[in-house]
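# Working through the structure, step by step
Each chain, letter by letter, is given below.
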Amino acid sequence: MKLLILGFGSVGKKYLSSNSDYADIYVFDPYINVEPYKDIKFLTKEDLAKSQDKSFDGVVICDYASTRLESLKQTYRLARNFIILEKIITDKKSDLETFKSIQKKCAPIYTHHRWGLLNLEDEIHGLVGRFGLGAMRKFSSVAGNCCLSTGGSHWIAFYLSLLKKINDYDLSGMEIFARLFFSPENPRSQALNIVSGSISITNKLESLDCDITYVAKSHVAPVQSLMCEFGYIEWGLDGKVSVYKIKQDVGTLKPWSYGVANEVYAGSLHSMADDPFKKCIELASLGEGINLHEGIDVATLLLGACISNAEKNSIKISEFYDEKYAAYSDKSWGIT
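Remember, it's a predicted structure, so these values are computed and weren't measured experimentally.

### Side note on unusual backbone geometry
The residue after Lys87, namely Ile88, is reached through a cis peptide bond having omega -20°. Relative to the assigned elements, Ile88 resides in the loop between strand E5 (79-85) and helix H4 (95-103). Even without glycine at this site, Asn119 takes up a positive phi of about 60°. Counting through the fold element by element, Asn119 comes out in the loop between helix H5 (114-117) and helix H6 (120-130). Residue Asn119 is classed as partly exposed on the basis of its relative accessible area of 37%.

Next comes the structure, spelled out in structure tokens:
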């Protein structure tokens with residue numbers, strides 16, 4: 001397999017190291033000093049311009065969200081079988097429809113939402129059924145300064161995957177409220193923000209909501225919780241998981257009844273041990289993976305959160321493209 005990686009930051013390096021054993025990989029990044037990387041096949045702008053159409057099996061675009069659309073325009077012709085856009089696919093609302101139009105004339109486009117790639121939602125949903133926790137009610141992720149865009153986008157995508165376990169999902173039934181804080185301390189570039197604060201997604205069509213809160217002055221990795229009718233599940237990035245359930249006979253509970261949930265299981269989530277950067281390439285090469293549509297949905301929710309924060313009010317995703325939010329169409333939020 002012949003791959004082209006655009007962007008050689010921390011994510012580009014992970015794609016290289018995870019797939020170099022079986023793929024012939026070329027890298028393009030005009031902003032770095034290639035001298036220390038003598039064993040890596042770097043391409044110049046001239047090399048790309050001279051490359052024939054469909055000369056690579058796959059193209060992986062992992063530069064900044066603000067430049068991802070332009071990178072796609074310049075290189076989609078080079079991909080024979082697939083294109084991967086790193087999340088989030090853009091930081092600009094007006095780009096979303098353009099992605100859809102490009103998809104009609106190029107190889108299939110996928111994105112990287114790691115928990116969906118690793119099927120984490122299957123394991124979590126399996127625990128809900130195994131221990132009789134009842135209907136899922138709220139998913140939450142709480143962490144230190146992990147960035148609501150860089151880290152939080154993976155958990156927003158996970159939330160959408162959980163909704164599919166109920167009855168797929170429809171963004172038009174969602175309302176979002178956010179209180180965000182933007183800090184230009186991103187190690188990748190001073191032009192990029194680390195985003196802390198809270199994002200709350202209320203789902204009018206299903207009973208499962210979502211809250212994500214990342215605290216700027218904390219260094220704790222994300223801790224996740226799925227609250228259900230009769231118990232809850234907690235897990236962290238180390239893959240350790242615990243299940244808690246109330247002791248009451250669930251058949252006798254009144255709407256206002258509640259009880260203390262006790263631990264009934266402690267174990268490990270096997271899916272979290274897999275390598276998402278390798279899995280992303282493997283699935284895309286098979287014509288599978290996280291498709292562009294889901295990447296657009298996650299970007300829509302994140303950009304909706306940015307607009308909610310600016311408006312100091314909740315917004316309905318069904319009104320995301322309405323005239324009253326037109327002023328935000330071309331705004332680049334500096335998130336990635």
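### Points about empty space enclosed by the protein
Summary: where empty space remains is shown by rolling a probe the size of a single water molecule over the atoms. Scanning all chains against the criterion turns up one cavity of 30 Å³ or more. Its boundaries defined by the atoms lining it, the largest cavity holds a volume of some 40 Å³. For the largest cavity, the full set of lining residues is Leu148, Ser149, Leu180, Val195, Ile199, Leu302, Ala305, Cys306 and Ile335. Contributions of two or more residues to the lining of the largest cavity are made by helix H7 (147-167), strand E9 (194-203) and helix H9 (292-311). Here the element with the most residues in the lining of the largest cavity is H9; it accounts for three residues. A class-by-class count of the residues in the lining of the largest cavity yields eight nonpolar, one polar and no charged.

Analysis parameters
- Residues numbered from 1 in each chain as written.
- Predicted model: local features only at pLDDT ≥ 70, side-chain atom pairs only at ≥ 80, totals over all residues.
- Heavy atoms only, no water.
- Helix = DSSP H or I, 4+ residues; strand = E, 2+ residues; numbered from the N terminus.
- Buried < 20%, exposed > 50% of the residue type's maximum accessible area, 1.4 Å probe, protein only.
- 1 Å grid on protein atoms, 1.4 Å probe; cavity = no way out; pocket = protein on both sides within 12 Å on 5 of 7 lines; lining within 4 Å.
- Points joined across faces, edges and corners; volume = space filled by probe spheres on them.
- Nonpolar A, V, L, I, M, F, W, Y, C, P; charged D, E, K, R; others polar.

Note that all results are geometric; they support no functional claim without further evidence.
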